Amino acid sequence: MTFVSIMGWAAAWLLILSPVSQAAAYQVFGVPPAPSDEDSTLDSTNSDPLHHVRFRHFRDLPVLDFYQKKRETDGSVSMAGTPWEASGVLADYLTRSSSSNKDDGSHPYHNLLQLEDKVVLELGAGIGICSVAAALMGAQVTATDASSTSLRLIRQNAQKYQQGFKYPMDVFPLLWGDLETIQLFPVPDIIIASDVIYHRSSGESLRSTIDAFCRQATAEGKDVEVLLAHTWRIHPQQDEDYLKSYETICNLDVIEVSGSLLPVEYQKRGSDGRLPVSIFHMTPKRQS
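Not measured: the values here are computed from a predicted model. (Residues numbered from 1 in each chain as written. Predicted model: local features only at pLDDT ≥ 70, side-chain atom pairs only at ≥ 80, totals over all residues. Heavy atoms only, no water.)

1. With respect to the packing of helix H3 (residues 85–94) against helix H4 (residues 129–136)
Following both chains from N to C, one finds H3 and H4 inclined at 10°, their axes separated by 8 Å at the closest point. Taken together, the axes of H3 and H4 lie roughly parallel to each other. Residue-level inspection shows Ser87, Leu90, Ala91 and Leu94 of H3 in contact with H4, the latter providing Ile129, Cys130 and Ala133. (Axes fitted to C-alpha atoms, helices over the stretch in contact; angles between N-to-C directions. Helix = DSSP H or I, 4+ residues; strand = E, 2+ residues; numbered from the N terminus. Parallel < 35°, antiparallel > 145°, perpendicular 65-115°, else oblique. Contact = heavy atoms within 4.5 Å.)

Below, the structure is given as structure tokens:
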């Protein structure tokens, strides 16, 4: 399989910015989600509602609507078509404005991470919230997922907002742990992922995928960064141990992003000392 054959999945451009939980959506996105399907515009393609959402860090595109998929054909909840909470928090962080960044007019958005012209790869992109945020910041983005539902939704939404990107956003299938296919992708400067730690069985393949991309970047002399957003759920200690394993197995420094840089709704720590959603910044350890 060649990179040219992967390109047959087609490039796509997308702007989808999504509500999270009812309690947090206003803080992250500026407006609350529609309380019911009747308050949303129906998508004639699949009869799921289109949500109208404002993303607070974007000046020029204050209200956005996007496709999602609430149910699969068998009636089950669509995991792939659902916007997940950590995606909104990470997208907010990616687009956070910074007065320290020089605004020379080359691109309308500037942020803490200096994403412009960087090669950004998203793993488990879902409906593409974080990939879109990075693309709007001027990054060269590749969104990946193993789900055909996710890939379809990304392509559908692309048609609306394609002119908002500096570079076209590529959308490709990727199964974690497929090290042969990983070699065909552009070597990233930044890897992003959100709400991807939920099945123990997929943890090792996710870690091996991140490790492979980091090794490729290091071999090319890139100072790769990994941003992983995680919602703490029913097994927080297991999740914490898993995240720490990136230090030993992948030789990465793992640092939790300060809660003060997250939306206000997500800054308060619980009784266990954890934030509702944490963002972990990983970088290769320096050789002594």
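Anyway, onward from the coordinates.
2. Comments concerning the layout of surface pockets
Gaps between atoms show up when a probe of the same size as a water molecule is rolled over them. As a volume, the largest pocket reaches approximately 550 Å³. Lining the largest pocket we find 28 residues, and of these Met79, Gly124, Asp145, Asp195 and Tyr198 sit closest to its centre. Per-class residue counts for the lining of the largest pocket are 13 nonpolar, 11 polar and four charged. (1 Å grid on protein atoms, 1.4 Å probe; cavity = no way out; pocket = protein on both sides within 12 Å on 5 of 7 lines; lining within 4 Å. Points joined across faces, edges and corners; volume = space filled by probe spheres on them. Nonpolar A, V, L, I, M, F, W, Y, C, P; charged D, E, K, R; others polar.)

3. A word on the packing of aromatic side chains
Enumeration over the complete set of coordinates arrives at four aromatic pairs. Aromatic pair Trp232 and Phe280: ring centres 6.1 Å apart, planes at 80°, arrangement edge-to-face. Taken together, the residues Trp232 in the loop between strand S8 (225–231) and helix H8 (236–249) and Phe280 in strand S10 (residues 277–284) connect sequence positions 48 residues apart. Here Trp232 and Phe280 have matching classes, each one buried. Aromatic pair Tyr242 and Tyr246: ring centres 5.4 Å apart, planes at 85°, arrangement edge-to-face. (Phe/Tyr/Trp six-rings, centres within 6.5 Å; stacked < 30°, edge-to-face > 60°. Buried < 20%, exposed > 50% of the residue type's maximum accessible area, 1.4 Å probe, protein only.)

4. Things to note about the sheet that holds S8
Strands sit in the order S6-S5-S4-S7-S8-S10-S9 across an open sheet of seven strands; the sheet is mixed. Two strands close off the open sheet at either side, each with one partner strand: strand S6 (170–173) and strand S9 (252–256). Direction aside, the axes of adjacent strands within the sheet are offset by 20° on average. As paired strands, strand S7 (residues 190–194) and S8 are joined by five bridges and run parallel to one another. When the bridges of S8 are listed, Ile192 appears paired with Leu227. Contacting strand S5 (140–145) and S6, helix H5 (residues 148–161) crosses the sheet at an angle of about 165° to S6. (Pairing = 2+ DSSP bridges.)

5. Notes on the packing of helix H7 (residues 200–219) against H8
Where H7 meets H8, the closest approach of the two axes is 11 Å, and the angle between their N-to-C directions is 30°. Overall, the two elements H7 and H8 adopt an arrangement that is roughly parallel. Of the two possible hands of crossing, H7 and H8 adopt the one that is right-handed. Where H7 abuts H8, its residues Arg200, Gly203, Leu206, Arg207, Ile210 and Asp211 lie against Gln238, Asp239, Tyr242, Ser245, Tyr246 and Ile249. Of the residues that constitute the contact of H7 with H8, the class distribution is five nonpolar, three polar and four charged. (Left-handed = near helix turned anticlockwise from the far one by under 90°.)

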